[in-house]
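# Per-entry structural report
Read off the chains here:
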Number of protein chains: 2
Amino acid sequence: MNLVLISIVLGLVAIVYGFVTSRQVLSSGTGNDKMREIAGAIQEGAQAYLKRQYATIGMVGVVVAAIVFFFLGPISAIGFVIGSILSGVAGFIGMNISVRSNVRTAAAAQSGLQQGLTLAFRAGAITGMLVAGLALLAIAVFFYYLVEVAGYAANDRTVIDALIALAFGASLISIFARLGGGIFTKAADVGADLVGKVEAGIPEDDPRNPAVIADNVGDNVGDCAGMAADLFETYVVTVGATMVLTALLLTGLGDLLIPMMALPLLIGGVCIVTSIIGTYFVKLGGGTNVMGAMYKGFLVTAILSVPAIFGAIWFALSGDMTTEMGGANLANVDAGASLAEEGTSSIAGFTGMDLFWSSLVGLVLTGLIIWITEYYTGTNFRPVRSIAKASETGHGTNVIQGLAISLESTALPTLAIVAGIIISFQLAGLMGIAYAATAMLALAGMVVALDAYGPVTDNAGGIAEMAGLDDSVREKTDALDAVGNTTKAVTKGYAIGSAGLAALVLFAAYTTDLAEFFPGLDVDFSLENPYVIVGLLLGALLPYLFGSMGMTAVGRAAGDVVKDVREQFAGDSGIMAGTSRPDYARTVDLVTKAAIKEMIIPSLLPVLAPIVVYFAITAIAGQANGFAALGALLLGVIVGGLFVALSMTAGGGAWDNAKKYIEDGNHGGKGSEAHKAAVTGDTVGDPYKDTAGPAVNPMIKITNIVALLLLAALAAG
Amino acid sequence: MNLVLISIVLGLVAIVYGFVTSRQVLSSGTGNDKMREIAGAIQEGAQAYLKRQYATIGMVGVVVAAIVFFFLGPISAIGFVIGSILSGVAGFIGMNISVRSNVRTAAAAQSGLQQGLTLAFRAGAITGMLVAGLALLAIAVFFYYLVEVAGYAANDRTVIDALIALAFGASLISIFARLGGGIFTKAADVGADLVGKVEAGIPEDDPRNPAVIADNVGDNVGDCAGMAADLFETYVVTVGATMVLTALLLTGLGDLLIPMMALPLLIGGVCIVTSIIGTYFVKLGGGTNVMGAMYKGFLVTAILSVPAIFGAIWFALSGDMTTEMGGANLANVDAGASLAEEGTSSIAGFTGMDLFWSSLVGLVLTGLIIWITEYYTGTNFRPVRSIAKASETGHGTNVIQGLAISLESTALPTLAIVAGIIISFQLAGLMGIAYAATAMLALAGMVVALDAYGPVTDNAGGIAEMAGLDDSVREKTDALDAVGNTTKAVTKGYAIGSAGLAALVLFAAYTTDLAEFFPGLDVDFSLENPYVIVGLLLGALLPYLFGSMGMTAVGRAAGDVVKDVREQFAGDSGIMAGTSRPDYARTVDLVTKAAIKEMIIPSLLPVLAPIVVYFAITAIAGQANGFAALGALLLGVIVGGLFVALSMTAGGGAWDNAKKYIEDGNHGGKGSEAHKAAVTGDTVGDPYKDTAGPAVNPMIKITNIVALLLLAALAAG
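Remember, it's a predicted structure, so these values are computed and weren't measured experimentally.

Across its full length, chain A holds 19 helices and zero strands. Scaling as 2.2 N^0.38, a compact globule of 717 residues should have a C-alpha radius of gyration of about 27 Å, and chain A matches this with 25 Å. Here the C-alpha coordinates of chain A stretch approximately 80 × 55 × 45 Å along the principal axes. Out of the 717 residues belonging to chain A, those deemed buried represent 69%. Sequence-distant contacts in chain A: of pairs separated by 6 or more residues, those separated by 24 or more amount to 85%. Entry remark: accessible area of chain A is about 20,200 Å², with carbon and sulfur atoms responsible for 62%.

And the structure:
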């Protein structure tokens, strides 16, 4: 268990980094009283929202924990509770750092771009390292306790179920947080824009707009807290699934079992260190290329991770990188073999080097996704410029071109993911895919840092505007924020891309579990079985339905905001005159209630769908077809969801930056007809990229994990 | 071969109906000189476009015919040529009827709503019956010739390949026609609206707008000719695939082989008669409920088809509805069996009654899809009204709500299709699914009639406007046209829904062919094979990429229209003053060239993708995985394409009717801010519903058929 202990220590390094860096950030200046007052209102609103959100989720969580306890026993229930609580904690910390750094970033931007960047990026890095560190610690400590303290074998069913339950807890909380936060932020944003920019003709972030504080609160609870919970979930599920797959598939490992199960943790641990080192390379170096500075940091992390991962594998395998593991037991790791033939294949296993190369595939894939996302959402390239140009001929053509780009943007990531699947599978079968996914997630600390930086700068701009700071400050925060649109899109593409790999790993866990729990049942997962097609279709439907619910929720809640603001304007003419202060808290409260009400039903969709499909198809066509349809549902949800999520997140980012590109003085600049059209596109893109799209990622995981738990519960019952 | 001869006679009945009814329509009055002049310009433009389109397609067709000839021999090449030519003829006839009926409908609407409805619907019915009749004749005559004259066994490879090649010809032409026509109609429509309604502030169909004739031409070449070619293709592929599957799967039929292969033709034949009867029930009956009149006609057809289909099956099986067919040879018709186990299952076959009930599933599914489509696109229900209401808060919320509805609208049709698959499969295995699809398509005559009616009324409205007829005439044509939006959406939902079933039939043909051509090859279609996942992902990508290309093409071509019209306005100030006539032909010519240029590359995507994927994966992971990935691609394209097509077609229809609903005086009516937002939504919906969405249907078929031909070519080579 040395490897696990080392991983725990490396996880603690992340926590220490977070602690030390947050002291640095908090010691920075907070500007003038006006700024502090505004920041205080944002902080208050965000805390009030998260409190109420977690109280609601808590109630759902208690019910689900009881169900897990009833069907799977106390240890799984504890796993579920740990996963949920830490997922919530990750979100809470992210929000807390964010609401304290925004005003400090605005203050720092008064001194210069580099100062603003340093402060905002450090704030992001704190969230990033804490997300990765907490996720690593959650799994590592729990695993250590179960194996070393409670004395279970590492591949004991109790341990496997507990790891899955831990992932379930993380996913369940994260879908609520992603969706609730996403609805909050976009309802406030869209509502504020509609009634402020469009109706009243006042600029964004104007303090006379009663929805302006809600809008800024939204950045923190959606883009920051929701995102942090989401990435926490992605990390736990991916690393956990790799460990579970190791336990299920590699049954002939002997003494290597524990090191091999701990290896994904160690990879996560060493990459925390490389991520921390990378953060110190995010520097402008004299120029003003903010994106370039970000890239420098990421590249350093990625390059350092290569020897680090090699070292981790080398250490876990005691320096033996070339002996093959697996063998006959790995039959269903091989391409041509199906469950029915398990054990008959003579395909050999894979070596430590194979795992290393597979991990490299994951690192390269991460780089490719970042690069592709920048191409589709950056202002320097064809996609964003084509949307900006289409804005010249009006609202309609802006939206048409935006939709065209959003559809197109799925192609390159899909091809990259497909290439990643093929190469890593050729290297080491399913374990290769699992290691590619694990290596992707190992960089989570750095990727989340890039993302969490965005809402901080966005808020900083809002505070600068509302506090009436000099225009030059706003210009600096705007420069920082433009990059935020791309980095936000990057994280979403990264999360959904890794979900594509993780879903294959989870599906393998599902089929392996099935063979273990129901050895006599001949489940036909062939595409020739119509119940497989039925499952694929129903699975692919889920992200559409889920996306629709998310979009509708934002539209409805934004409408409520518009009505509330209109009432406030009508009730007190002093607001527009600037003589009396609008009731910010009232709007925040309204959006809070709306978001929490709207998040419940869509979040339950992926929890209930697998259960309903299994029982319905079993009733119609027998248990074997029920399991076949359920398995197909799991892949249908990724096949459908990958495209929905990629198109929404990249498309939304492109719309947003097309508006920014016009605001930079192109195609007529601010106030032109093209700009008005671009504002429409941005509004459409808002719920696309920040509500419906990103929530698809936890949705995919939940569907898969619920299926695994259903199997365990059916086997136990 | 009696059944085939009867089918041929019934097919000729459709042609006779078309001939007789077109004489009735053409004998109707054509209004005044001004109307005739306008109609003449539209006619000229449409003919010029189709001529050039078919000339271009012809060149592609000759190359493909040569390739088919080289790899599959002369008979398949003849099949390909017949399929292509008749698909072109179907489109050409549809357009020719449409451009002659528009002006007559405008003239008839001067007498009353019923007169306008009768004329427009008859015009639609001519197209409908000719599409169904020509499709039926194409297969029946070719099959008769091959078996009776050329002397091949009905299940001879030559016959099977020839039927597949026939379907390929139909599909290839139809994707060009759908896409080229779709780009033409929407580029002209969007361009005319942008520069006319938005920039110049002149109403739709104002004769001063140089793009106005191009817009009306578009209705005929896109919504009419393109749609007719598409439905011709859908008919040929579905009925042909059912025959091919019968030949491939039911190897122990003996004397029943020919009757069973001819039965799908006979079902098509009897339903032509029920469709013709149904057309005479499309009457207002005193009220003004146009949609109700349409429903009456459809319901009569559907109800009469029940005994007609029963009679056809009864006749084909010589009255024996209860003896089981199939048996051991039907192993892979059964749920639990995979190819590997073929022949080992003891599942019995199915009876004539089972086929009858399966056909009923198809009829019910058609009714359900119509009902669901009306719910999502009709002005009386929540979806359209929610978009109209969202227009009050601006362009952005209109588009957000429209996208939400478009995502949501996939749910009920998918559930209906899934239920259809399960029930028909439970009844008679894959043959049940094939018969459900065949019964759906048997109603094509009636469904196309409902659809082809739309562009006629749309044009009639345009002519009434341009000729300066009394406002009451335009009101009547508008009432007729509003229903057209829904019926157009219905046909698309119907075509893509039937494609969902047909794709399963085509996939079964693929796997059966594979087992026959490569008996030693153990192809693993299980979801556990990562190459299957790769295929699913790449397949699901195709409709996204295709949709993106279609949307971009419309945007680009519409931009050209805007520029052209601006130039015309700038060059001659008399145009806006109404003293000089704009150069309509110049704009028509410009759109023609743009549409034809833009249609080529996207149309080749589904032709080339299966070939590239097969060879790429074979090179990487061997032939078995190449075939597995290719098979998965076929299902991926339907799993992805179904949702893309359903969401685009229903969403676009909903946007269009939300605008109409506002124009009827709701939410502020014409000219209000809500109306402006609704115009934006309508513009966005245009390429969604008329270009990208509907072309997905032939795209799915082509991918499948190319895979079948690739198999045959590989086996022959």
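Okay, back to it.
Here we come to the side chain of H395 of chain A. Tracing the sequence through the fold places H395 of chain A in helix α11 (residues 395-408). Not counting chain neighbours up to four residues away, the residues in contact with H395 of chain A comprise K676, A677 and T680 of chain A together with H395 and T680 of chain B.

Contact with chain A, which involves 74 residues of that partner, is made by 74 residues of chain B. Around 6,600 Å² of area is buried between chain A and chain B when both sides are counted, 77% of it from carbon and sulfur atoms. On the chain A side of the contact with chain B, L527, E528 and Y544 of chain A bury the most area, a combined 12% of that side's loss. There are zero salt bridges connecting chain A and chain B. Viewed at the interface, chain B and chain A are joined by nine residue pairs in polar contact (both at pLDDT 80 or more). At the level of elements, α5 (157-200), α11, α12 (411-442), α14 (471-517), α15 (530-571), α17 (584-621), α18 (623-663) and α19 (673-716) of chain A are the ones that each hand at least two residues to the side of chain A that touches chain B. For the side of chain A that touches chain B, the element with the most residues is α15 of chain A, which contributes 18 residues.

When chain A is fitted to chain B, the best match, at an RMSD of 0.0 Å, comes from turning it 180 degrees and sliding it 0.0 Å along the axis. Viewed as a symmetry operation, the transformation between the two copies matches a two-fold axis. Distance from the rotation axis, computed per C-alpha, reaches its smallest value in chain A at S526 of chain A: 2.0 Å. When the interface residues of chain A are mapped onto chain B, 100% of them are again interface residues, pointing to one common binding face.

Let's shift gears to the nonpolar core. Among the nonpolar cores identified, the biggest contains 576 residues, and Y510 of chain A together with Y510 of chain B are the most heavily contacted of them. For Y510 of chain B, the contacting residues outside a window of four places in its chain are F525, F627, L630, G631, L634, A707, L708 and L711 of chain B.

Moving on, we come to the packing of α14 of chain A against α19 of chain A. All names here are of chain A. Axis separation between α14 and α19 bottoms out at 10 Å; the angle between their running directions is 10 degrees. Here α19 runs roughly parallel to α14, going by the angle between their axes. In the packing of α14 onto α19, the handedness of the crossing is left-handed.

With that settled, consider the UniProt feature "site: Determinant of potassium independence" (unreviewed entry) in chain A. All names here are of chain A. UniProt marks K488 with the feature "site: Determinant of potassium independence" (unreviewed entry), using the numbering shown here. Among the structural elements, K488 can be located in helix α14. Judged by its relative accessible area of 7%, K488 is buried. Leaving out residues up to four positions away in the same chain, K488 has contacts with D223, D451 and D690. Of note is the side chain of K488, whose polar atom sits 3.1 Å from the side chain of D223.

Let us look at a nonpolar patch on the surface. All names here are of chain A. On the surface, V9, V13, V273, I277, Y280, F281 and L304 cluster together into a nonpolar patch covering about 560 Å² of accessible area. Mapped by element, the contributors of at least two residues to the nonpolar patch are α1 (2-26) and α7 (257-279). Take V273: its relative accessible area is 32%, and that puts it in the partly exposed class.

Turning our eyes to something else, we now look at the environment of A434 of chain A. All names here are of chain A. When you line up the elements, A434 lands in helix α12. Classification of A434 by relative accessible area gives buried; the value is 0%. Here the alpha-carbon distance between A434 and S7, two residues 427 residues apart in the chain, equals 19 Å. Those residues within four positions of A434 in sequence are excluded, and the remaining contacts are T242, L245 and V505.

To continue, consider the environment of G292 of chain B. All names here are of chain B. Among the secondary structure elements, G292 is positioned in helix α8 (residues 290-316). Residue class for G292 comes out partly exposed when judged on its relative accessible area of 22%. Linking G292 and V505, residues 213 residues apart in sequence, is a C-alpha distance of 34 Å.

A few words now on the pattern of salt bridges. One pass over the full model with this rule turns up 60 salt bridges over all chains. Overlapping salt bridges bring together K186, D189, D223, D481, K488, K492, D656, K660, D686, K689 and D690 of chain A as one network.

Residue and element names in this part refer to chain A. With 47 residues, α14 extends 66 Å from end C-alpha to end C-alpha; this agrees with the ideal 69 Å at 1.5 Å per step. At G500, α14 shows its maximal bend, which comes to roughly 25 degrees. Among the 47 residues that make up α14, 37 are buried, leaving the element largely enclosed by the rest of the structure.

Residue and element names in this part refer to chain A. Applying the stated criterion across every chain yields a total of 36 aromatic pairs over all chains. A ring pair is formed by F356 and W357, whose centres lie 5.3 Å apart and whose planes are at 55 degrees; its orientation type is tilted. What makes F356 buried here is its relative accessible area of 7%. Here the aromatic rings of W655 and Y688 are separated by 5.9 Å at their centres, their planes lie at 70 degrees, and the arrangement is edge-to-face. Pair noted here: W655 is in helix α18 and Y688 is in helix α19, with a separation of 33 residues, a long-range link. You can call Y688 buried: its relative accessible area is 7%.

Each value, and the rule that gives it
Residues numbered from 1 in each chain as written. Chains lettered and ligands numbered in written order. Predicted model: local features only at pLDDT ≥ 70, side-chain atom pairs only at ≥ 80, totals over all residues. Heavy atoms only, no water. Helix = DSSP H or I, 4+ residues; strand = E, 2+ residues; numbered from the N terminus. Rg over C-alpha atoms; globule rule 2.2 N^0.38 Å. Buried < 20%, exposed > 50% of the residue type's maximum accessible area, 1.4 Å probe, protein only. Contact = heavy atoms within 4.5 Å. Areas by Shrake-Rupley, 256 points an atom, 1.4 Å probe, with all protein chains shown as cover. Buried area = accessible area lost by both parts, 1.4 Å probe. Salt bridge = Lys/Arg side-chain N within 4 Å of Asp/Glu carboxyl O. Polar contact = N/O pair within 3.5 Å; in protein donor to acceptor, adjacent residues only side chain to side chain. Least-squares fit on C-alpha atoms with pLDDT ≥ 70 in both. Core = buried A, V, L, I, M, F, W, Y, C linked by side-chain atoms within 4.5 Å. Axes fitted to C-alpha atoms, helices over the stretch in contact; angles between N-to-C directions. Parallel < 35°, antiparallel > 145°, perpendicular 65-115°, else oblique. Left-handed = near helix turned anticlockwise from the far one by under 90°. UniProt positions renumbered as here; feature names shortened; annotations may be inferred. Patch = residues over 30% accessible without salt bridge, like charges linked within 9 Å, V, L, I, M, F, W, Y side chains within 5 Å. Expected span 1.5 Å × (residues − 1). Bend = angle between axes of the 7 residues up to and from the residue. Phe/Tyr/Trp six-rings, centres within 6.5 Å; stacked < 30°, edge-to-face > 60°.

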